[in-house]
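Fold and contact review
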Amino acid sequence: LPPGPPRTLLGDNRADVSAKRPWKTFTEWNKTYGPVCSLYLGRTPVIVLGSAQAAWDLLDKRSDIYSGRPRSIMAGEILSWGVRAITMPYGARYKRWRALMQASLNSTAVAQYRPLQSLESKLFLRKLLDVKDSMEYRGHLSVFQMSVIFRLAYGRRVRTLQDDIVIANMKAGANFGSLQVPGKYLVESWPILLWLPHRLQWFRHDVEKARQKNLELYMGLLNRVRKQMADGTAQPSMATFGLSKQQEFGLTDLEMAYTLAGPWDAGVGTTVISIEVFLLAMLHYPDVMRKAQAEIDKVVGFSRIPEYDDMESLPYVNALMKEVARWRPVARTGFPHQLTKDDTYNGYFLPKGATVYANINAIMQDPELFADPEVFRPERFLETTHPKLQNFTIHFGFGRRICPGMHIANQSVFIIFARLLWAFDIAPAVGEDGKPVIPPDDDFVSGLITRPVPFPCAFKVRNKVVEELIVLEADRAEAEAARWDSN
Ligand code: HEM
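Values in this document were obtained by computation on a predicted structure and should not be read as measured data.

Another aspect to go through is the overall build of the chain. Within the chain, the secondary structure is distributed over 20 helices and twelve strands. Computed over the C-alpha atoms, the radius of gyration of the chain is 23 Å, within 12% of the 23 Å expected from 2.2 N^0.38 for a compact globule of 487 residues. With the C-alpha coordinates aligned to their principal axes, the bounding extent of the chain is approximately 65 × 60 × 45 Å. Across the 487 residues in the chain, those meeting the buried criterion constitute 43%. Summarising the internal contacts of the chain: among those between residues at least 6 apart in sequence, 73% fall at separations of at least 24.

The structure is reproduced here in structure tokens:
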């Protein structure tokens, strides 16, 4: 095995991995033991890849054997019948699922979702004009992305966080997330417990109740679209596309229902966090903000709002998107892959069944790839000649499991960054003592994805013309978006 930390008395390295910041422990170990290091979590060998080269060599180039997911008994098998995308083992079912994802979310297909992204982002700006406190923006941001995701999956938008569908989906998502806490369930390390008679498997009873609720939710959403298609009232979406080609994709109703839940599972929190990280960066690097605003002012001016067509004319904003993703990546340890066949790399043995993490945090901080990595400097992406940094996707993972939602995510991120910068100065909120509140630049809540600890932020509209245009555009957007309202 590649070198790694000695195991503790319990026989593995769990006790040494920081529960709050596992990426920090992984990064320390990559520094000490090299870019490919190994450890044990329970009885499972774990390989941590701390350099982009190792991740490209193994997860990309050998993706035929590095595309599994570690077995997840509670979240994957008991809660979701093994049909939930992110926990799904690599195999025939996964390939059918992925084919539908690719067909709906590839770089060309996502253009169809731009109109709603554009309208919702205008409504988001409008709400910022009226915020009463400096934390309120967070809720509005969530509504924006939830609406985008719901529209793409089911052809219907979301207006508030109080929407029944939002509440039900949040519950289902939280349930799924809570079952994935490492070490929480004995059965994950001792699958032999699955041999107990069903009624004695104490760990599964509540989860099975949740599974029944999820099933009703996801099947209900699918059947609603099916009915709308029959009535001729359905708006085009991933659901209408998938149902019209259900035979071709070879997905059962159950698989289809869970496939459509995938974007919600993986596409709301990740995108919202990316935008929050951008705000955090703007509070710490106002010079970068002003430089991006100068570019937008030159290309767009104040007589109109930035549009998707401006994307290619805004190289600095594009570089800013990449730098935000590099500076504080959303998935710091990536999502774990599983090696499905014995392998060797640089003289080391990598065993079948090992969990493989791409340590995205360490990769983004690698001074060989990014000079002065702690400095926030979008210019690095304008200067680079490295093709993999010009076409930058490290934050979206690797190989066949690379994020299928990356194009839609980029569309959300671009339109929000460009319009926020055009409309507002992003500034620190003022505390009770009258002083500006600058939040810490690396205080994140841990999980499979890491979110900044909630921080206040002020949005100061840049001038009167902009303010009037936001109001005008939002009124029009409200009327236009009505076609995606619930029906
Ligand atoms: C900026 C926002 C986003 C980031 C940073 C992000 C990042 C990631 C990462 C790191 C992975 C794991 C890839 C791997 O295993 O190597 C992933 C997987 C995934 N993402 Fe995203 N993602 C984002 C937005 C989205 C959106 C908007 C959607 C849906 C529309 C989405 C859907 C998925 C799905 C379904 C998977 C699981 C893929 C699989 O297991 O094969 N993501 N994402």
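Having seen it, we continue.
With that settled, the discussion passes to the nonpolar core. Leu 49, Ala 55, Ala 153, Leu 260, Phe 417, Ala 418 and Ile 426 are the most contacted members of the largest nonpolar core, which totals 116 residues. With near-sequence residues (within four places) excluded, Ala 418 lies in contact with Ile 296, Pro 306, Asp 310, Leu 314 and Val 317. Core analysis: the next-biggest nonpolar cluster, separate from the first, contains ten residues, Ile 73, Leu 79, Tyr 185 and Val 207 among them.

A few words on the site of the ligand. In the vicinity of the ligand lie 26 residues, with Ala 266, Gly 267, Gly 397, Cys 403 and Gly 405 positioned nearest. Of all the elements in the fold, those that place two or more residues in the shell around the ligand are helix 12 (253-267), helix 13 (269-284) and helix 19 (406-423). Ranked by the residues each element gives to the shell around the ligand, the list is headed by helix 12, at four residues. For the shell around the ligand, the per-class residue count stands at 15 nonpolar, ten polar and one charged.

Take Ile 408: it is sitting in helix 19. Between the alpha carbons of Ile 408 and Thr 25 there is a distance of 32 Å; along the sequence they are 383 residues apart. Aside from chain neighbours lying at most four places away, what touches Ile 408 is Leu 105, Val 110, Tyr 113, Leu 152 and Gly 267.

Before going further, it helps to examine the UniProt feature "binding site: heme" (unreviewed entry) in the chain. Here the UniProt feature "binding site: heme" (unreviewed entry) sits at Cys 403. Inspection of the secondary structure puts Cys 403 in the loop between helix 18 (387-390) and helix 19. Excluding its chain neighbours within four sequence positions, the residues that come into contact with Cys 403 are Phe 396 and Gly 397.

Let us now look at the sheet that holds strand 1 (residues 36-41). Taken in spatial order, the four strands line up as 1-2-6-3 in an open sheet, and their pairing is mixed. This sheet does not close on itself; its edge strands, each paired only once, are strand 1 and strand 3 (337-338). For strand 1 and strand 2 (residues 44-49), the ladder comprises six bridges, and the chain directions are antiparallel. Residue pairing in the sheet places Tyr 40 in a bridge with Pro 45 of strand 2. Set on the sheet, helix 2 (residues 52-60) makes contact with strand 1, strand 2, strand 3 and strand 6 (355-358); between it and strand 2 the angle comes to about 125 degrees.

Now for the packing of helix 15 (residues 315-327) against helix 19. Look at helix 15 against helix 19: their axes get within 10 Å of each other, and the N-to-C directions meet at 120 degrees. On the basis of their axis angle, the class for helix 15 and helix 19 is oblique. In the crossing of helix 15 with helix 19, the sense of the turn from one axis to the other is right-handed. Residues Val 317, Leu 320 and Met 321 of helix 15 touch helix 19, and the partners they reach there are Val 413, Phe 414, Phe 417 and Ala 418. Grouping the amino acids of the contact of helix 15 with helix 19 by side-chain chemistry returns seven nonpolar, no polar and no charged.

What follows concerns unusual backbone geometry. Positive phi is not limited to glycine here, since Asn 346 has a value of about 50 degrees. Inspection of the secondary structure puts Asn 346 in the loop between strand 4 (343-345) and strand 5 (348-350). Phi is positive for Asp 372, close to 45 degrees, though the residue is something other than glycine. Assignment of secondary structure puts Asp 372 in the loop between helix 16 (360-364) and helix 17 (379-383).

Attention now moves to the packing of helix 9 (residues 205-231) against helix 12. The geometry of helix 9 relative to helix 12 is characterised by a closest axis approach of 9 Å and an angle of 95 degrees between their N-to-C directions. Of the possible angle classes, the one that applies to helix 9 and helix 12 is roughly perpendicular. Seen from helix 9, the contacting residues are Tyr 218, Met 219, Leu 221 and Leu 222; seen from helix 12, they are Asp 253, Met 256, Ala 257, Tyr 258, Leu 260 and Ala 261.

With 16 residues, helix 13 ought to run about 22 Å at 1.5 Å a step, and its terminal C-alpha atoms sit 23 Å apart, in line with that. In terms of burial, helix 13 is a largely internal element, 14 of the 16 residues being buried.

Reading the values: rules and limits
- Along each chain, residues carry numbers from 1 onward, in the same order as the chain's sequence is written.
- Given that the model is predicted, a residue must reach a pLDDT of at least 70 before its local features are reported, and side-chain atom pairs must reach 80 or more before they are shown or counted; all residues, however, enter totals for whole chains, interfaces and linings.
- A helix here means a DSSP run of H or I that spans at least four residues, while a strand means a run of E at least two residues long, and both kinds are numbered starting from the N terminus.
- Only C-alpha atoms enter the radius of gyration, while the globule expectation follows 2.2 Å times N to the 0.38, with N the number of residues.
- Residues are called buried when their C-beta atom has 20 or more other C-beta atoms within 10 Å, exposed when it has 12 or fewer, and partly exposed otherwise; all C-beta atoms are positioned from the backbone.
- Any two residues are considered in contact once their C-beta atoms, placed from the backbone, lie within 7 Å.
- Note on terminology: a nonpolar core is a set of buried residues of type Ala, Val, Leu, Ile, Met, Phe, Trp, Tyr or Cys, with members joined through C-beta atoms within 7 Å.
- In this entry, near means the residue's backbone-placed C-beta atom lies within 6 Å of the molecule or strand.
- Amino acid classes used here: Ala, Val, Leu, Ile, Met, Phe, Trp, Tyr, Cys and Pro are nonpolar; Asp, Glu, Lys and Arg are charged; the rest, including Gly, are polar.
- UniProt positions are given in the numbering used here, feature names are shortened, and annotations may be inferred rather than shown by experiment.
- Between any two strands, pairing holds if DSSP finds at least two bridges.
- Orientation is described by axes fitted as lines to C-alpha atoms, over the contacting stretch for helices, and by angles from 0 to 180 degrees between their N-to-C directions.
- When an angle is under 35 degrees it counts as roughly parallel; over 145 it counts as roughly antiparallel; between 65 and 115 it counts as roughly perpendicular; any other value is oblique.
- A crossing counts as left-handed when the near helix is turned anticlockwise from the far one by less than a right angle, and as right-handed when that turn is clockwise.
- The span one expects for a helix is its residue count, reduced by one, times 1.5 Å.

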